[in-house]
Structures are given as C-alpha cells and as structure tokens.
Amino acid sequence: MSIVVKKWNELAEVKAELAARDWFFATSGNLSIKVTDDPLTFLVTASGKDKRKQTDEDFLLVDAAGKPAEDTHLKPSAETLLHAEIYGRTNAGCVLHVHTVDNNLISELYAQNGEAVFSGQEIIKAFGIWEENAAVRIPIIDNYADIPTLAREFANYVHGDAGAVLIQNHGITVWGRTAFEAKKHLEAWEFLFRWQVKRLLLQRTGLPVG
Ligand SMILES: CSC[C@@H](O)[C@@H](O)C(=O)COP(=O)(O)O
Ligand SMILES: [Zn+2]
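Residues numbered from 1 in each chain as written. Chains lettered and ligands numbered in written order. Predicted model: local features only at pLDDT ≥ 70, side-chain atom pairs only at ≥ 80, totals over all residues. Heavy atoms only, no water.

A. Expanded view of the layout of surface pockets. In this model, the largest pocket occupies a volume close to 250 Å³. Along the wall of the largest pocket there are 13 residues; nearest its centre are Arg-137, Ala-162, Gly-163, Ala-164 and Trp-189. Those elements that provide at least two residues to the lining of the largest pocket are strand 6 (135-141), strand 7 (163-167) and helix 5 (179-205). The element best represented in the lining of the largest pocket is strand 6, accounting for three residues. Taken together, the residues of the lining of the largest pocket break down into nine nonpolar, three polar and one charged. The space that makes up the second largest pocket amounts to roughly 160 Å³. Forming the boundary of the second largest pocket are Gly-120, Gln-121, Glu-122, Ile-124, Lys-125, Ile-129, Trp-130, Glu-131, Glu-132, Asn-133 and Ala-134. (1 Å grid on protein atoms, 1.4 Å probe; cavity = no way out; pocket = protein on both sides within 12 Å on 5 of 7 lines; lining within 4 Å. Points joined across faces, edges and corners; volume = space filled by probe spheres on them. Helix = DSSP H or I, 4+ residues; strand = E, 2+ residues; numbered from the N terminus. Nonpolar A, V, L, I, M, F, W, Y, C, P; charged D, E, K, R; others polar.)

B. Geometry of the site of ligand 1. Of all residues adjacent to ligand 1, which total 14 residues, the nearest are Ser-47, Gly-48, Lys-51, Ser-77 and Glu-79. Within the backbone of Ala-78, one N or O atom sits 2.8 Å away from an oxygen atom of ligand 1. Contact between ligand 1 and His-170: an oxygen atom at 3.0 Å from a side-chain N or O atom of the residue. For ligand 1, whose accessible area on its own is 410 Å², the fraction buried by protein is 74%. Of the residues contributing to the shell around ligand 1, the split by class is two nonpolar, ten polar and two charged. (Near = heavy atom within 4 Å. Polar contact = N/O pair within 3.5 Å; in protein donor to acceptor, adjacent residues only side chain to side chain. Areas by Shrake-Rupley, 256 points an atom, 1.4 Å probe, with all protein chains shown as cover.)

C. Structural detail: the packing of helix 1 (residues 3-20) against helix 5. Orientation of helix 1 relative to helix 5, taken along the N-to-C sense of each, is 15 degrees, at an axis distance of 11 Å. As judged from the angle between their axes, helix 1 and helix 5 are roughly parallel. By crossing handedness, the relation of helix 1 to helix 5 is classed as right-handed. Across the interface between the two elements, Glu-10, Val-14, Glu-17 and Leu-18 from helix 1 touch Ala-179, Lys-183 and Leu-186 from helix 5. Of the residues in the contact of helix 1 with helix 5, the class split is four nonpolar, no polar and three charged. (Axes fitted to C-alpha atoms, helices over the stretch in contact; angles between N-to-C directions. Parallel < 35°, antiparallel > 145°, perpendicular 65-115°, else oblique. Left-handed = near helix turned anticlockwise from the far one by under 90°. Contact = heavy atoms within 4.5 Å.)

D. Local environment of the pattern of salt bridges. This structure, assessed with the given rule, holds 15 salt bridges. The shortest N-O distance in the salt bridge between Lys-49 and Glu-57 comes to 3.6 Å. Overlapping salt bridges bring together Glu-17, Arg-21, Lys-183 and Glu-187 as one network. (Salt bridge = Lys/Arg side-chain N within 4 Å of Asp/Glu carboxyl O.)

E. Inspection of the packing of aromatic side chains at higher detail. Under the defined criterion, the tally for this structure stands at seven aromatic pairs. Ring geometry for Trp-189 against Phe-193: centres 6.1 Å apart, planes inclined by 25 degrees, an arrangement best described as stacked. Taken as a pair, Trp-189 and Phe-193 lie in helix 5 at a separation of four residues, close to a single helical turn. Judged by its relative accessible area of 0%, Phe-193 is buried. One aromatic cluster is present, formed by Phe-118, Phe-127, Trp-189 and Phe-193 through successive ring pairs. Above the plane of the ring of Trp-23 lies Arg-21, whose end atom (NZ or CZ) is 5.4 Å from the centre. Across from the ring centre of Trp-195, 4.4 Å away, lies the NZ or CZ of Arg-199, which sits over that ring. (Phe/Tyr/Trp six-rings, centres within 6.5 Å; stacked < 30°, edge-to-face > 60°. Buried < 20%, exposed > 50% of the residue type's maximum accessible area, 1.4 Å probe, protein only. Lys NZ or Arg CZ within 6 Å of the ring centre and 35° of its normal.)

Geometric values such as these leave the question of function open.
Take a look at the structure:
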C-alpha cells in the first residue's frame, strides 16, 4: 500500500469518527495529515464538501504552500494555509479543525482574556499532564475573513508538535504528532468546553456547582 493510500485511510477514519460525533455542521471543518517531510506534502480535505460523507474526492495532496501537489479539479480547504503554518513550524503529523456550538461559546465568553483556562478536571491527563490541579490554557484569536491574515495571526500561537487555538466565533484547530494524538486532544478540549458551558448554566440556577 502506498504511503498516500495509508495516510488517506488514516485520515478517512478520523473524519468518520468526528462525523459520528456530529462535529461537521453545514460543511464546516477541515482535516489534514502529513504524508512526506521532504518535500512537505499533506492530504487535506477538499473545500466545501459535506465532511460527513465518505467519497473518493474527500482529500487532495498539497505542498508546503497549501497548493495542489498533483493535477486535480478539487480545491483544497479554504483554511489550508493554517494547516501549512503548523506543518511548516512543527513536527505535527495531523491537524483537525471543527466548529461546535460549545467551542464557539467558549471563544466568545473568554475572548476578552485572550485565552480560556481550565483546571480541576481529570481529562486534562489526556494532554499528558499528570500534576494534581494542573491547568490548561487555549489561546483565543480574532476571526479574520482574509485567510492569509488569519494564518499570520494564528502562526503566533503555533509552538510545539501538539497544540490548539480557538478562533473566535469560528472553531478550534488542534494538531498533534499523530492522528491519534490530535483526535485525543480535540476530544479533551471539546469535553472541557461542554463541561464549562454546562457548569456556567447550572451555576445560574443556584445549584451547588463549583
Ligand atoms: C461553512 S463553514 C465556513 C468555512 O469558511 C470554514 O470555516 C470551514 O471550516 C470549512 O471550509 P472548507 O473550505 O470546506 O475547509
Ligand atoms: Zn472553519
């Protein structure tokens, strides 16, 4: 099996799992997986598709600049530049971007702080952090309609082979060394967002939620 087919299948599996979670509203979301390092190429979702569907045209191979690396009528994701920034700056192997109601609410609620901080949650261990009372923080950036501008702002927060950024009232972009790690981190962030949104609502009812 060629490396492209192997990586295609790996990304298709992650895509199906995120689709089963209903994280691809209204064609939103984009995913990618690195295929080669030198030269850098990665498979990215084709733009504007319903990512819940599985087809032979789900992904296309692009280069370090996010341009198609082979002849195709498919258009790479509109947000391919953000993926390219991650692969260009880190050893990440997979990038996942989803829009959810909870990640949008958290991005709006904490926008003025420039980040959202979570602590006191067992699921923080999914990030490989084992200390008691550890805190995790996710930066929140403005959502620029101009993608090169968004990618430049986004790049300021791309440090390390695993990480995540919230784009205000848009969505989350998570990356990891492997597809497994990226998906695990994405699920942990979404758990924390949902937990926090529900906690805030329950606190308003006067129930004893910390
Ligand atoms: C309808 S979602 C809005 C899109 O501009 C974008 O944010 C998105 O996530 C999906 O765009 P795509 O070009 O299909 O990767
Ligand atoms: Zn998006």
